[in-house]
Amino acid sequence: MSASSSSPATLCLGEALVDLICEQPVSGPAQASAFVPHFGGAVANVAVMAARHGATVALAGGAGEDAWGRWLRDRLVSEGVDVSLFGLVAGRQTPLALVRVDSAGEPSYEIYGDTIATVVEALGDRVEPAVRDAAALFLSSNTLVGDEERAMTMSAREAALGLGRPVVFDPNLRLHRWRSRPDAAAAANACVPGAFLIRANRAEAALMTGEDDPERAALALLKAGAELVVLTLGADGAILRGKLRLDVAGVPARVVSTVGAGDVLTGMLLGRLARSRFYSPAVAAALPEAVAEAARACERWGALE
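Predicted model only: the values in this text are computed from it and were never measured. (Residues numbered from 1 in each chain as written. Predicted model: local features only at pLDDT ≥ 70, side-chain atom pairs only at ≥ 80, totals over all residues. Heavy atoms only, no water.)

A.B. asks: Give a detailed account of the sheet that holds strand β7 (residues 107-112), specifying residues and quantitative values.
C.D. replies: Read from one edge of the open sheet, four strands run β3-β2-β6-β7, paired in mixed fashion. Looking at the sheet topology across the chains shown, the edges are occupied by β3 (36-40) and β7. Between one strand axis and the next, the sheet turns through 30° on average, direction left out of account. In terms of strand pairing, strand β2 (residues 17-21) meets strand β6 (residues 96-101) through four bridges, oriented parallel. (Pairing = 2+ DSSP bridges. Helix = DSSP H or I, 4+ residues; strand = E, 2+ residues; numbered from the N terminus. Axes fitted to C-alpha atoms, helices over the stretch in contact; angles between N-to-C directions.)

A.B. asks: Can you break down helix α6 (residues 181-189) residue by residue, with the values?
C.D. replies: Buried within α6 we find Ala 184, Ala 185, Ala 187 and Ala 188. End-on view of α6: buried residues confined to an arc of 165°, all on one side of the axis. On its buried face, α6 sits against β9 (167-170) and α7 (202-209). Put simply, Ser 180 is the residue that caps the front of α6, since its side-chain oxygen is 3.2 Å from the backbone nitrogen of Asp 183. (Buried < 20%, exposed > 50% of the residue type's maximum accessible area, 1.4 Å probe, protein only. Arc of directions from axis to C-beta. Contact = heavy atoms within 4.5 Å. Polar contact = N/O pair within 3.5 Å; in protein donor to acceptor, adjacent residues only side chain to side chain.)

A.B. asks: Tell me what's going on with the sheet that holds strand β11 (residues 228-232), and back it up with residues and numbers.
C.D. replies: Strand order in the open sheet formed by nine strands is β5-β4-β1-β8-β9-β10-β11-β12-β13, with mixed pairing between adjacent strands. At either end of the open sheet lies a strand with only one pairing partner, and these are β5 (86-89) and β13 (246-248). For this sheet, the mean angle separating the axes of adjacent strands, direction not counted, is 15°. As judged from the three bridges shared by strand β1 (residues 10-13) and strand β8 (residues 136-140), these two strands associate in the parallel manner. Among the inter-strand pairings, Thr 10 is bridged to a residue of β8, identified as Ala 136. Sheet contacts for helix α5 (residues 147-162): β1, β8 and β9; angle to β8, the most-contacted strand, approximately 150°.

A.B. asks: I'd love a proper account of unusual backbone geometry, names of residues and values included.
C.D. replies: The phi torsion at Asn 172 lies on the positive side, around 45°, for a residue other than glycine. Positionally, Asn 172 belongs in the loop between β9 and α6. At Phe 278, a position not held by glycine, the phi torsion is positive, near 60°. Secondary-structure assignment places Phe 278 in the loop between α9 (261-275) and α10 (281-297).

A.B. asks: Let's hear about the packing of aromatic side chains: which residues, and what values?
C.D. replies: Applying the stated rule across the entire model yields two aromatic pairs. Judged by centre distance (5.6 Å) and plane angle (85°), the ring pair of Trp 68 and Trp 71 falls under edge-to-face. Of this pair, Trp 68 and Trp 71 both sit in helix α2 (residues 67-78), three residues apart, roughly one helical turn. Given a relative accessible area of 32%, Trp 68 falls into the partly exposed group. Take Trp 71: its relative accessible area is 31%, and that puts it in the partly exposed class. Judged by centre distance (5.8 Å) and plane angle (85°), the ring pair of Phe 196 and Phe 278 falls under edge-to-face. Residue Phe 196 is found in the loop between α6 and β10 (197-201), and its partner Phe 278 is found in the loop between α9 and α10; the two are separated by 82 residues along the sequence. Each member of the pair, Phe 196 together with Phe 278, is buried. (Phe/Tyr/Trp six-rings, centres within 6.5 Å; stacked < 30°, edge-to-face > 60°.)

Take a look at the structure:
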């Protein structure tokens, strides 16, 4: 990470990619007349949102050494994200996601290019030293699917916990990447013990805990070792459970696309936490605004614009 940073960065480990979004509801690819590029990747979205809300943040990841990779890196720089751990890998293609949304704004993705493999190649053996220099660590399940990236991610997590660094985990489960639902749940659950904050949506929490009721799911995650749990409930808002308890009502929105709305919420929470040096009440203070920001994100095609 940059030596010029005024304070240690929150380290976000994961992917950046280009979302090519069809900016109209369609039922199939034959109806899509055009795709518009947007900045994307769950962890990259979170990093940008955290930076927008005042955090010193670094993205540990990578892209291909091509025009799209340079576009992603330039955008990260313009948003104030430290890219000293974001590498452009020769011979790799920057991942592109073709995104279509249905009439309810729910997306489907077709991803092309080298996604998480590029992250691993770009970082090499730099992850654990970066964790030592970091203020906190943010993870998602996207770097848990394959053996190599899972080993890297869990090593970073263990290092952070051993150093007393806060770990924030957003499962962001994309089930098409996994061999089975039980595999996805097991990998995500391995990141719960010791976590400062778990942020999950209703479906992810149900998959991880076997509990369809959000209250019981949150309790199960707390019993598994999380300090705080935020469960987002779509149009019904969100709940915070753990040392603090808060219910936040949903904010009405004219939904065109839900792409990245959860990333927006998580990134805002992470930014406010980082600014407070991970003071637990900052989650409760930020959650109403984060729910509103996520609702506004549903009114635009891209997560960030």
